[in-house]
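Residue-level listing of the chains:
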Amino acid sequence: MANIVIDNIKKSFGAFQALKGVSLTINDGEFVSLLGPSGCGKTTLLRIIAGLETATSGDIRIGERSVIGLPPKDRGLAMVFQNYAVFPHMTVFENVAFGLRMQKADEARVKKQVEKAAGLLHIEPYLDRYPNKLSGGQRQRVAVARALAVEPGVLLMDEPLSNLDALLRLEMRTELKTVLQEAGTTTIYVTHDQTEAMGLSDRIAVVHDGRIEQVGTPVEVYNHPATRFVGSFIGNPPMNFITMPVNNGQVAVGAQTFAVPAKGSEIVLGLRGETVERTSTGQGLDIQVRVAEPMGPHLLLTGSILGQPARVILPATEAVKNGEIVGLKLDASRLTWLSPESGVSYPVAA
Amino acid sequence: MSTVSKTGFISARRFLFWSGIVALCAWVLVPIYLVTLGALGGRTGAYQWPKTFLPTNVSLQPFILFLKTEGVLQSFLNSLGAAGITVALSLALGAPAGYALARYNFRGKDSYRLLVLLTRAFPLAILALPLTISYIRFGLYDTVLGVGLIHTVLALPFAALVTQGIFLGVPRELEEAAWVFGCTRIQAFFKIVAPLALPGLVATAVFAFVISWNEVFAASVLTVRERTLTAYLLTVLSESPMHYRFAGGLLLILPSVVFIFAVRRYLFAIWGVSSK
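Residues numbered from 1 in each chain as written. Chains lettered and ligands numbered in written order. Predicted model: local features only at pLDDT ≥ 70, side-chain atom pairs only at ≥ 80, totals over all residues. Heavy atoms only, no water.

Turning our attention to the overall build of chain A. Scanning chain A from terminus to terminus reveals 8 helices and 20 strands. Here the C-alpha coordinates of chain A stretch approximately 75 × 45 × 35 Å along the principal axes. Buried residues in chain A amount to 51% of all 350 residues. Counting contacts in chain A only where the partners sit at least 6 residues apart, residues at least 24 apart contribute 64% of the total. With an accessible surface of roughly 15,200 Å², chain A has 50% of that area assigned to carbon and sulfur atoms. Here chain A contributes 34 positive and 35 negative side-chain charges, whose respective centroids are spaced 4 Å apart. (Helix = DSSP H or I, 4+ residues; strand = E, 2+ residues; numbered from the N terminus. Buried < 20%, exposed > 50% of the residue type's maximum accessible area, 1.4 Å probe, protein only. Contact = heavy atoms within 4.5 Å. Areas by Shrake-Rupley, 256 points an atom, 1.4 Å probe, with all protein chains shown as cover. Lys, Arg positive; Asp, Glu negative; His and termini not counted. Charge placed at Lys NZ, Arg CZ, Asp CG, Glu CD.)

Have a look at this one:
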């Protein structure tokens, strides 16, 4: 078990800056996701932590010990790769035992640890098989078991579920969460899938363009995104951003008024689609509905608010026709206010 | 009706398939068979006309007689020695080069690759004289080692480029996984990369062996007494009786066939892509 301190890590590939000074502290036993679109630098960061890539500058400390310059094997970590990287010329047993064998563990311990890890991941029936006889999901389990068998201080996972089909992914996600909670390992999990990050993590670090935009619990990141990017990247439908006029530090929305911290004459309202309630038109924010789609659990409205595109969600019991205008009552505690210039949100309590 | 025509179609396909196989086998096997007949038939067999396809009057006697001829056995061993040196050196030097080409990015990588191939652009005939003089100076002239070295030069470019392809076929992530789970770079190479690349490496070895075994020009120029089999046969066979020539041919063919037969499993494996 170990904590990880990432201290101002920079990485350039030639003229391209993949990481522009990333700092992050991960507590012992915590599960942190690095979430971001492809090419944002999250995998590069993970590979730097693993020692598979060298940082241009900055420091990484695992359990208070700087690991910069150490080869991967001396960093006390294990990793699950995107393509599993299960060794094809070894049986599942030998794959899972690989890390222990390299540590020169005695046979009894190897057997015990492999059986324990195999039990956690439900791969006992395949221990004698070769990986080419396994399905993608089973290989994935082998890769996770191999990582857990060494009881690492730190577990790194690089999009481990992205090669699985949707149903299997959901199943593995739930199972991973159970297994990792039991193991209590400090975990860094790289993904571009927001539902994975939301579901699994203690905290999410949203990475964008070589920087960490926000670090917080899934609920914090979802409800109060630090930047416009975070709000639009997380959530389905994404957060709505509506530019509104400010009068004397207040924004008037129908019958409601909100005190806002804006200096200028405009502010951007960050509105989660499902935080609104229906009210009569003119009482709140009016949405001109273009399309109403009953999704089953809820009703999705696509249209425009103050002439700006927006998507909101109403209970499935509401009936809305295409072209109708619907009044929306806002919940002051669940709104985010952002600067129109910088796209950065104002502090919540202000 | 339709089932009849369908089975007819299938049997036509099978017929084509098998006749293709028979034709290909005949292409390779009939000459070998005829050479063998000539080698084992003795003087009468070689000159007999009309030729018979049946192995009549065959005995190992003429072949053994040929083997006992002055110099044959020695040149056979020389050839094996030179080929052995070629295989060992071109793998020992070519595989690391191929690995570097496959795994590392370095300045001038493409030019290096081209340069490796360009070494084959010099006709050996041009180099023959300077090479002979250098060999005499270094004391390599007329030695098996000398022939092995020059054959290594011939085989090395292919070894480097073929092994590059083989190492590229081993996913990098496997190696990285090995590093993460406690291997040094060298351990990872021998525990993970080498076993997965083995079929390809064996194929490369076969290739180097065949290049050395078949090479005649350099071997003829650089040796006088320590002839390799090809060089030896080239000088003596023109004055030998017909069945001796057949015997020589058989002796040339045999090791290649046996060697390739022995490693055929690995050759098939490389075509089926070794690591996936």
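Bringing a nonpolar patch on the surface into the picture now. Residues and elements named next belong to chain B. Residues V30, Y33, L34 and F53 make up a contiguous nonpolar surface patch of roughly 340 Å² in combined accessible area. For L34, the position within the fold is in helix α1 (residues 2-40). For L34, a relative accessible area of 37% puts it in the partly exposed group. (Patch = residues over 30% accessible without salt bridge, like charges linked within 9 Å, V, L, I, M, F, W, Y side chains within 5 Å. Salt bridge = Lys/Arg side-chain N within 4 Å of Asp/Glu carboxyl O.)

By the definition in use, this model includes 16 aromatic pairs over all chains. When the centroid spacing of 5.4 Å and the interplanar angle of 15° are considered together, the rings of F229(A) and F233(A) count as stacked. Of this pair, F229(A) and F233(A) both sit in helix α8 (residues 228-233), 4 residues apart, roughly one helical turn. Given the relative accessible area of 18%, F229(A) is considered buried. The exposure class assigned to F233(A) is buried, which follows from its relative accessible area of 19%. A connected cluster of aromatic rings, assembled from ring pairs, spans Y99(B), Y104(B), F167(B), F189(B) and F190(B). Lying over the aromatic face of F87(A), R146(A) brings its terminal NZ or CZ to 4.8 Å of the ring centre. The cationic tip of R272(A) hangs over the ring face of Y222(A); the distance from NZ or CZ to the ring centre is 4.0 Å. (Phe/Tyr/Trp six-rings, centres within 6.5 Å; stacked < 30°, edge-to-face > 60°. Lys NZ or Arg CZ within 6 Å of the ring centre and 35° of its normal.)

Right, let's talk about the nonpolar core for a bit. Judged by nonpolar contacts, the single largest core of 93 residues is most densely connected at I6(A), V96(A), F98(A), I123(A), L156(A) and F167(B). Examining the composition of this core, we find that 8 residues originate from one element, helix α9 (residues 185-214) of chain B, more than from any other. When residues no more than four places from it in sequence are discounted, the contact partners of I6(A) are V22(A), S23(A), L24(A), I26(A), L45(A), I49(A), D59(A) and I60(A). If you look at the next biggest cluster of nonpolar residues, it comprises 31 residues, including L140(B), L229(B), L233(B) and L250(B). (Core = buried A, V, L, I, M, F, W, Y, C linked by side-chain atoms within 4.5 Å.)

Counting residues at the interface gives 17 residues for chain B and 22 residues for chain A. Note on chain B versus chain A: buried area summed over both sides is about 1,700 Å², and carbon and sulfur give 75% of it. Three residues, E173(B), V180(B) and F181(B), lead the burial of chain B against chain A; their summed loss comes to 42% of the area buried on that side. Our count for the chain B to chain A interface comes out at 1 salt bridge. For E176(B), the salt bridge is made with R47(A), and the minimal N-O distance between the two is 2.7 Å. For the pair chain B and chain A, the number of links is 4 residue pairs in polar contact (both at pLDDT 80 or more). Secondary structure elements with two or more residues in the side of chain B that touches chain A: α8 (172-180) and α9 of chain B. The dominant element in the side of chain B that touches chain A, judged by the number of residues it contributes, is α8(B), at 7 residues. Classifying every residue of the side of chain B that touches chain A by side-chain character gives 10 nonpolar, 4 polar and 3 charged. (Buried area = accessible area lost by both parts, 1.4 Å probe. Polar contact = N/O pair within 3.5 Å; in protein donor to acceptor, adjacent residues only side chain to side chain. Nonpolar A, V, L, I, M, F, W, Y, C, P; charged D, E, K, R; others polar.)

Bringing the side chain of E30(A) into the picture now. Residues and elements named next belong to chain A. Mapped onto the elements of the fold, E30 is located in the loop between β2 (16-26) and β3 (31-35). Classification of E30 as buried rests on a relative accessible area of 9%. What E30 contacts, discounting residues up to four positions off in sequence, is T25, T185, T186, T187, D202 and R203.

On to the confidence of the model for chain B, then. Residue and element names in this part refer to chain B. When pLDDT is averaged along chain B, the result is 85; 90% of the residues meet or exceed 70. Within chain B, helix α13 (residues 264-271) has the poorest average pLDDT of any element, 61, and α8 the best, 94. For residues 271-276, every residue scores under 50 in pLDDT, and the model assigns this stretch 8 contacts once sequence neighbours within four places are set aside. Across the predicted assembly, pTM comes out at 0.80 and ipTM at 0.85. (pLDDT = per-residue confidence, 0-100.)

Turning our eyes to something else, we now look at the environment of L127(B). Relative to the helices and strands, L127(B) resides in helix α6 (residues 124-138). Residues L127(B) and S79(B), spaced 48 residues apart in sequence, show a C-alpha to C-alpha distance of 22 Å.

All names here are of chain A. Cis peptide bonds are those with omega within 30 degrees of zero, and the linkage from N236 to P237 qualifies with 0°. Relative to the elements of secondary structure, P237 occurs in the loop between α8 and β11 (240-245). Here the phi dihedral of E159 falls at roughly 40°; this positive angle occurs in a residue that is not glycine. Within the fold, E159 resides in the loop between β7 (154-158) and α5 (166-183).

Turning our attention to the sheet that holds strand β16 (residues 285-294) of chain A. Residue and element names in this part refer to chain A. Ordered in space as β15-β19-β16-β17-β18, the 5 strands form an open sheet in which the pairing is antiparallel. The open sheet has two free edges, formed respectively by β15 (277-279) and β18 (308-315), since each of these has just one partner strand. Across the sheet, the mean angle from the axis of one strand to that of its neighbour is 50°, orientation sign disregarded. Strand direction decides the pairing type here: β16 and strand β19 (residues 325-329), joined by 4 bridges, are antiparallel. (Pairing = 2+ DSSP bridges. Axes fitted to C-alpha atoms, helices over the stretch in contact; angles between N-to-C directions.)

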